[in-house]
Amino acid sequence: MILVTGGAGFIGANFVIDWLAQSDERVVTLDKLTYAGNLGNLSPVRDDARHVFVRGDIGDRALAERLLAEYRPRAIVNFAAETHVDRSIHGPAAFIATNVVGTFELLDAARAHFAALPEPERARFRFLHVSTDEVFGSLGPHDAGFSETTAYAPNSPYSASKAAADHLVRAYHHTYGVPVLTTNCSNNYGPRQFPEKLIPLMIHNALAGNPLPVYGDGGNVRDWLYVGDHCAAIRAVLERGRPGETYNIGGNAEMTNLEVVNALCRVLALQRPGRDYAAQINFVRDRPGHDRRYAIDPTKIRAEIGWAPRETFESGLAQTVRWYLDNSAWLAAVTSGEYKKWVSLNYATEDA
Ligand SMILES: NC(=O)c1ccc[n+]([C@@H]2O[C@H](COP(=O)([O-])OP(=O)(O)OC[C@H]3O[C@@H](n4cnc5c(N)ncnc54)[C@H](O)[C@@H]3O)[C@@H](O)[C@H]2O)c1
């Protein structure tokens with residue numbers, strides 16, 4: 001059995017669904033169900049006897065201890081986090097509470113559990129911490145992509161909180177011998193992503209006939225990876241990764257935000273014709289401290305783990321748009337009144 005935290009969120013839910021589709025090993029999901037967590041994300045496994053859902057906080061030490069004692073998972077996969085950079089600018093405290101203190105509590109519970117395990121359970125145990133490429137800061141236009149030895153230089157409260165967690169995870173390996181693995185992945189997209197992030201926000205607005213808000217000049221570059229490829233990479237690192245190592249995960253798909261939005265408008269025009277979606281693009285005031293470029297050098301995970309993405313940006317985007325079109329009830333359910341207030345606070349127009 002494995003314990004997955006944050007499994008009701010975007011990547012965590014895709015991970016749990018893919019896991020149970022590919023293996024008979026049971027899963028306990030621990031999730032606080034913040035605004036970003038949604039039990040509807042786990043609806044494909046709702047009646048699956050191999051899955052247990054527990055609502056709770058990774059920072060609740062007693063709960064983590066109880067789950068570890070009761071289920072004796074062979075691995076913990078830690079997705080739980082506050083994840084939206086813009087929210088971290090407006091309110092960083094929740095990011096410190098979950099991403100730093102919460103990860104610490106979970107890690108420390110894992111340390112105590114690991115220390116008491118008999119062999120062979122002890123030899124098999126892993127703590128896989130899911131992190132981001134944002135911990136490395138921003139690249140210039142011609143810099144090489146981030147590798148595992150790139151120095152940390154986080155620029156937002158979000159990336160700083162993830163960096164702090166990564167350091168704790170590293171220290172727990174060096175100090176206590178906890179068999180940790182850390183993955184630092186580039187921007188994900190795909191089904192079940194909360195529509196505050198670029199691609200689902202644009203799909204939602206495009207379909208509603210609303211403006212498509214692009215930050216600044218639209219020239220910020222991200223390296224995009226389909227969520228199913230990220231989940232496959234995490235499974236592969238869990239099986240074949242060397243404890244104490246970090247692995248960068250990326251899709252070799254660098255694109256500016258404007259290129260992404262234009263590509264999306266083209267896919268929408270094919271799948272839901274009838275509107276000039278690109279005419280809805282609207283440039284808005286840039287995010288403070290907006291990192292200009294992220295890119296991943298995936299050499300290590302390819303050579304050592306043998307993982308490579310299966311989807312291209314085009315194939316992944318087509319599947320993503322199809323999913324949002326087929327799941328309009330999901331989109332309507334998560335875009336509540338609170339969501340609308342947040343969008344108007346965050347995407348002020350240039351002259352607002
Ligand atoms: N989305 C990306 O592009 C991306 C890229 C690289 C890495 N990551 C990392 O992957 C992980 C998952 O990202 P996501 O995009 O799925 O995020 P998400 O915001 O969609 O989901 C986060 C989940 O964590 C849960 N959660 C939040 N605080 C919690 C707490 N204290 N205890 C228990 N559960 C809690 C939420 O309810 C939610 O279900 C994060 O650690 C993130 O830093 C994301």
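Our structure is the block above this text.
Here the residue numbering is sequential within each chain, running from 1 through the sequence in written order. Residue-level local features of this predicted model are given only where pLDDT is at least 70; pairs of side-chain atoms are given and counted only at 80 or more, and the full residue set underlies all totals for whole chains, interfaces and linings. The side-chain numbers reported here are obtained from all heavy atoms of the structure, hydrogens and water having been left aside.

(A) Fine view of the overall build of the protein chain. Secondary structure elements follow DSSP: runs of H or I of four or more residues count as helices, runs of E of two or more count as strands, with numbering from the N terminus. What the protein chain contains, in helices and strands, is 13 helices and 13 strands. The C-alpha atoms of the protein chain give 20 Å as radius of gyration, which agrees with the globular expectation for 352 residues (20 Å, within 12%). Taking the principal axes of the C-alpha coordinates as reference, the protein chain spans close to 65 × 45 × 40 Å. Contact between two residues is taken to exist if any of their heavy atoms lie within 4.5 Å; hydrogens are not considered. Relative to all contacts within the protein chain whose residues are 6 or more apart in sequence, the contacts with residues 24 or more apart total 82%. Here the Shrake-Rupley method, with its probe set to 1.4 Å, supplies the accessible areas, and only the displayed protein chains count as covering residues. As displayed, the protein chain offers around 14400 Å² of accessible surface, 52% of which is attributable to carbon and sulfur atoms. Positive charges come from Lys and Arg, negative ones from Asp and Glu, while His and the chain ends are left out of the count. By convention, the charge on Lys lies at NZ, on Arg at CZ, on Asp at CG and on Glu at CD. Distance between charge centres in the protein chain, computed from 35 positive and 40 negative side chains, equals 3 Å. The size measure is the radius of gyration over C-alpha atoms, and the globule rule it meets is 2.2 Å times the number of residues to the 0.38 power.

(B) Quick look at the site of the ligand. Taken together, 28 residues lie around the ligand, and Ile11, Asp31, Thr83, Tyr158 and Lys162 are the ones closest in. Within 3.5 Å is the distance limit for a polar contact, defined as a pair of N or O atoms, with the added protein rule that one can donate a hydrogen and the other accept it, and that residues adjacent in sequence qualify only through two side-chain atoms. Within the backbone of Phe10, a nitrogen or oxygen atom sits 3.0 Å from an oxygen atom of the ligand. Within the backbone of Lys32, one N or O atom sits 3.0 Å away from a nitrogen atom of the ligand. Looking at which element gives the most residues to the shell around the ligand, the answer is strand β5 (residues 126-132), with 3 residues. When residue character is reported, Ala, Val, Leu, Ile, Met, Phe, Trp, Tyr, Cys and Pro are called nonpolar, Asp, Glu, Lys and Arg charged, and the others, Gly included, polar. By residue class, the composition of the shell around the ligand is 12 nonpolar, 12 polar and 4 charged. Near is defined per residue: the residue qualifies when any heavy atom it owns lies within 4 Å of the molecule or strand.

(C) Up close: helix α8 (residues 227-240). With 14 residues, α8 ought to run about 20 Å at 1.5 Å a step, and its terminal C-alpha atoms sit 20 Å apart, in line with that. Those residues of α8 that sit buried are Val227, Asp229, His230, Cys231, Ala233, Ile234, Arg235, Ala236, Val237 and Leu238. Under the convention used throughout, the expected extent of a helix is 1.5 Å for every residue step, that is, one less than its residue count. Think of it in three bands: with a 1.4 Å probe and only protein chains considered, a residue is buried below 20% of the maximum accessible area for its type, exposed above 50%, and partly exposed in between.

(D) Representation of the environment of Asp60 in the model. In this structure, Asp60 sits in the loop between β3 (51-55) and α2 (61-71). For Asp60, a relative accessible area of 33% puts it in the partly exposed group. Separated by 45 residues in the primary sequence, Asp60 and Glu105 have C-alpha atoms spaced 7.2 Å apart.

(E) How the structure looks around the side chain of Asp229. Considering the arrangement of structural elements, one finds Asp229 in helix α8. For Asp229, the side chain forms a polar contact with the main-chain nitrogen of Glu311, separated by 3.0 Å. The residues contacting Asp229, other than those within four sequence positions of it, are Trp307, Pro309, Arg310 and Glu311.

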